[in-house]
Amino acid sequence: MLEALQLAAQAEAEGEVPVGALIVKENAIIGKGWNRPIANHDPTAHAEIMALRAAAQHLKNYRLPDTTLYVTLEPCAMCAGAIIHARIKRVVFATHDPRGGAAGSVFDILVNHQLNHRVNTTSGILQAEATNQLKTFFKARR
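Residues numbered from 1 in each chain as written. Predicted model: local features only at pLDDT ≥ 70, side-chain atom pairs only at ≥ 80, totals over all residues. Heavy atoms only, no water.

Going by an unreviewed UniProt entry, the chain carries the name tRNA-specific adenosine deaminase 2 and comes from Artemia franciscana. Comment text from UniProt for the chain, heading Sequence similarities (unreviewed entry), reads "Belongs to the cytidine and deoxycytidylate deaminase family. ADAT2 subfamily." What the UniProt record of the chain gives under Catalytic activity (unreviewed entry) is the line "adenosine(34) in tRNA + H2O + H(+) = inosine(34) in tRNA + NH4(+)". (UniProt positions renumbered as here; feature names shortened; annotations may be inferred.)

This is the structure in structure tokens:
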């Protein structure tokens, strides 16, 4: 999660909302990403999506079984859908998103029994650091 926080700092340095993500398989990082929707002119360029794309290219496969996604903010509905499609095994996130989180805060897509894949989730890892990073960013913007 420390590395995800560093990736979030990279997003912030680029003027993006500070969210960072990475994907690990067999104790090796296979994909990294940070928010880039403004820079990429792409509403789908969330940190998780960027990390999923990098990991899929690394494995040469759109499925990412037996992987863990670490992200500084609870995934949104779009990212949760992509996580399901990629067959990510586990998601670890630092802080909840009470306005748009799809891992329990607003929606609970990652464990929805109507879908064909469910994801193990863990939250609260370095929560204070991630929350502070986001609050500091938005406070400076106001």
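On we go from here.
## Points about the overall build of the chain
Assigned secondary structure in the chain consists of five helices and five strands. Order of helices (α) and strands (β) in the chain, N terminus to C terminus: α-β-β-α-α-β-α-β-β-α. A compact globule built from 142 residues should have a C-alpha radius of gyration of about 14 Å, and the chain, at 14 Å, falls within 12% of that. Here the C-alpha coordinates of the chain stretch approximately 40 × 30 × 30 Å along the principal axes. Relative to its full complement of 142 residues, the chain shows a buried share of 44%. For the chain, the share of sequence-separated contacts (at least 6 apart) that also reach a separation of at least 24 residues comes to 56%. Counting only carbon and sulfur atoms, one obtains 52% of the accessible surface of the chain, whose full area is about 7500 Å². Here the chain contributes 15 positively and 12 negatively charged side chains, and the mean placements of these two sets differ by 3 Å. (Helix = DSSP H or I, 4+ residues; strand = E, 2+ residues; numbered from the N terminus. Rg over C-alpha atoms; globule rule 2.2 N^0.38 Å. Buried < 20%, exposed > 50% of the residue type's maximum accessible area, 1.4 Å probe, protein only. Contact = heavy atoms within 4.5 Å. Areas by Shrake-Rupley, 256 points an atom, 1.4 Å probe, with all protein chains shown as cover. Lys, Arg positive; Asp, Glu negative; His and termini not counted. Charge placed at Lys NZ, Arg CZ, Asp CG, Glu CD.)

## Some details on the packing of helix H3 (residues 47-59) against helix H4 (residues 77-86)
Helix-helix packing: each pair is described by the crossing angle between the helix axes and the interaxial distance. Axis separation between H3 and H4 bottoms out at 9 Å; the angle between their running directions is 20°. By the criterion of interaxial angle, the relationship of H3 to H4 is roughly parallel. Seen along the crossing, H3 lies across H4 with a hand that is left-handed. Seen from H3, the contacting residues are Glu-48, Ile-49 and Leu-52; seen from H4, they are Met-78, Cys-79, Ala-82, Ile-83 and Ala-86. Grouping the amino acids of the contact of H3 with H4 by side-chain chemistry returns seven nonpolar, no polar and one charged. (Axes fitted to C-alpha atoms, helices over the stretch in contact; angles between N-to-C directions. Parallel < 35°, antiparallel > 145°, perpendicular 65-115°, else oblique. Left-handed = near helix turned anticlockwise from the far one by under 90°. Nonpolar A, V, L, I, M, F, W, Y, C, P; charged D, E, K, R; others polar.)

## So, the nonpolar core
Ile-23, Leu-52, Leu-64, Ile-83, Ile-88, Val-91 and Leu-110 are the most contacted members of the largest nonpolar core, which has 29 residues in total. Here the element with the most residues in this core is H3; it accounts for six residues. Excluding its chain neighbours within four sequence positions, the residues that come into contact with Val-91 are Leu-69, Val-71, Pro-75, Ile-83, Leu-110, Val-119, Asn-120, Thr-121 and Thr-122. Counting residues in hydrophobic clusters, the runner-up holds 11 residues, among them Ala-4, Leu-22, Val-24 and Trp-34. (Core = buried A, V, L, I, M, F, W, Y, C linked by side-chain atoms within 4.5 Å.)

## Let's talk about the pattern of salt bridges
Tallied over the full model, the rule gives three salt bridges. Measuring nitrogen to oxygen at the nearest pair gives 3.7 Å for the salt bridge that ties Arg-53 to Asp-42. Residue Arg-53 is found in helix H3, and its partner Asp-42 is found in the loop between helix H2 (37-40) and H3; the two are separated by 11 residues along the sequence. Among the residues examined, Asp-42 registers a relative accessible area of 19% and is labelled buried. (Salt bridge = Lys/Arg side-chain N within 4 Å of Asp/Glu carboxyl O.)

## A short note on the pairing of strand E1 (residues 20-25)
Of all six residues in E1, six are buried; the element is thus mostly enclosed. Side chains Gly-20, Leu-22 and Val-24 of E1 all project onto a buried face; the interleaved residues Ala-21, Ile-23 and Lys-25 project onto the opposite face, where all are buried too. Remark: two residues form the turn of the hairpin made by E1 and strand E2 (residues 28-34), two consecutive strands paired antiparallel; Glu-26 in that turn has positive phi of roughly 50°. (Pairing = 2+ DSSP bridges.)

## Side note on unusual backbone geometry
Unusually for a residue other than glycine, His-41 sits at a positive phi of about 50°. Within the element layout of this structure, His-41 appears in the loop between H2 and H3. According to the relative accessible area criterion, His-41 is exposed, its value standing at 73%. Despite not being glycine, Arg-87 has its phi angle at roughly 65°, a positive value.

## Overview of the packing of aromatic side chains
According to the stated counting rule, one finds one aromatic pair in the structure shown. Between Phe-137 and Phe-138, the ring centres sit 5.1 Å apart and the planes meet at 80°, which makes this aromatic pair edge-to-face. Classification of Phe-138 by relative accessible area gives partly exposed; the value is 33%. (Phe/Tyr/Trp six-rings, centres within 6.5 Å; stacked < 30°, edge-to-face > 60°.)

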